[in-house]
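Secondary and tertiary structure notes
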Amino acid sequence: MKVNFSDLKNKVVVIAGATGLIGKELSEGFVEQGSIVILSSRNTKKGKQLKNKLNKLKDGKVFYHPVDISSEVSVKALIKFTLKTFKKIDIFVNCSWPKTKGRLKNVDEIPFKSVKEDLLSHLGGYFLCTQKMALQMKKQRSGVILNFSSIYGIVGPNFSIYNSTKITCPPAYPLIKGGIISMTKYFATYFAKYNIRINCICPGGVFNKHDKVFVKNYSKLTPLGRMARSNEIVSGALFLSSEASSYVTGDCLMIDGGWTAW
Ligand SMILES: NC(=O)c1ccc[n+]([C@@H]2O[C@H](COP(=O)([O-])OP(=O)(O)OC[C@H]3O[C@@H](n4cnc5c(N)ncnc54)[C@H](O)[C@@H]3O)[C@@H](O)[C@H]2O)c1
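Since we're looking at a predicted model, the values are computed, not measured.

What about the site of the ligand?
Around the ligand there are 26 residues in total, and Thr19, Ile22, Lys99, Tyr173 and Val206 lie nearest to it. Interatomic distance of 3.1 Å between a backbone N/O atom of Gly20 and an oxygen atom of the ligand. Here a nitrogen atom of the ligand sits 2.9 Å away from a polar atom, N or O, in the main chain of Ile69. According to the grid-proximity analysis, the pocket containing the ligand is the largest pocket.

The following block contains the structure:
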């Protein structure tokens, strides 16, 4: 997908969750714009492989540093690494997806302990990163933060799509994704006076080798009649990161094929 946001050239972009389905596409998208990209995730092997791959692209300026978004020590280490080399962080994108064991139970059986763990690592991690990155950007008097929410931050699950499949929507997921939207708005209004913009993206279901029954169930309920392709999230993320969206903050961009429109 060819899009051009020329102001992203040489911008220092830190991406948490860079080795994931969406993160890989986003990382490549920023590299194509000529940004300096610091990939980070919990999977160092995949992170280094992605770094090597993206550095082979034209003008690739790609680095890797591990992060656990729910650990203060780890998030601080990522910021320190970036500042040591590049002196600033222009853009922070959080598209990580911490997944706790046992989260895929139905709501009538899930232990509260499991819900708390999920909330702490995922929503807590997004809060921690947004706070630490915004504080760094406050020192710089500029910056952009982009968080990943979901359609389930906006609407409840239609459980019929999980009929005859092995998956479901984890009970904590809507709490987390709704929390990311309201947290983004809170931070956006608080940090606006420091020239920092904070937004989020709500993707619909992105195809990732799901079984045929699920794809059929999901597609039937989507106005555009199909799941998203992972590269369809990129241009929206580049838009919200670039000067093209200079008057957009506290917003939530739906990239969902119309899922939430009816
Ligand atoms: N894939 C979808 O259909 C979909 C739909 C709506 C919203 N989303 C959201 O988009 C984001 C990206 O989704 P995805 O499908 O690319 O996820 P994914 O599972 O493919 O990748 C997740 C990434 O997060 C990293 N990660 C996991 N735990 C971490 C932690 N504690 N600290 C740092 N990194 C960690 C992984 O290493 C990986 O790089 C998530 O927030 C997800 O909730 C995804």
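Observations concerning the pairing of strand 6 (residues 196–203)
For a regular strand, side-chain orientation follows a simple rule: the groups alternate between the two sheet faces. Most of strand 6 is tucked away, with eight of its eight residues classed as buried. The side-chain alternation of strand 6 yields two buried faces, one formed by Ile196, Ile198, Cys200 and Cys202 and the other by Arg197, Asn199, Ile201 and Pro203. As paired strands, strand 5 (residues 143–148) and strand 6 are joined by six bridges and run parallel to one another. Bridge pairing in strand 6 places Phe148 opposite Ile201. Following the chain from strand 5 across helix 5 (residues 172–191) to the adjacent parallel strand 6, one finds a crossover that is right-handed.

Notes on the side chain of Ser74
Structurally, the position occupied by Ser74 is in helix 3 (residues 72–86). Overall, Ser74 belongs to the buried group, its relative accessible area being 16%. A distance of 2.8 Å separates a polar atom in the side chain of Ser74 from the backbone nitrogen of Asp68. The residues touching Ser74, leaving out its near neighbours within four places in the chain, are Pro66, Val67 and Asp68.

Observations regarding the pattern of salt bridges
Pairs may arise between side chains of opposite charge once their charged atoms sit close together. Within the structure shown, the criterion is met by eight salt bridges. The salt bridge partner of Lys11 is Asp7, with a shortest N-O separation of 4.0 Å. A salt bridge links Glu232 to Arg229; the shortest N-O distance between them is 3.3 Å. On the accessibility criterion, Arg229 (47% relative accessible area) is partly exposed.

Cut-offs and rules
Residues numbered from 1 in each chain as written. Predicted model: local features only at pLDDT ≥ 70, side-chain atom pairs only at ≥ 80, totals over all residues. Heavy atoms only, no water. Near = heavy atom within 4 Å. Polar contact = N/O pair within 3.5 Å; in protein donor to acceptor, adjacent residues only side chain to side chain. 1 Å grid on protein atoms, 1.4 Å probe; cavity = no way out; pocket = protein on both sides within 12 Å on 5 of 7 lines; lining within 4 Å. Sits in = over half its atoms within 2 Å of the grid points. Buried < 20%, exposed > 50% of the residue type's maximum accessible area, 1.4 Å probe, protein only. Helix = DSSP H or I, 4+ residues; strand = E, 2+ residues; numbered from the N terminus. Pairing = 2+ DSSP bridges. Right-handed = clockwise from strand over helix to strand, strands pointing away. Contact = heavy atoms within 4.5 Å. Salt bridge = Lys/Arg side-chain N within 4 Å of Asp/Glu carboxyl O.

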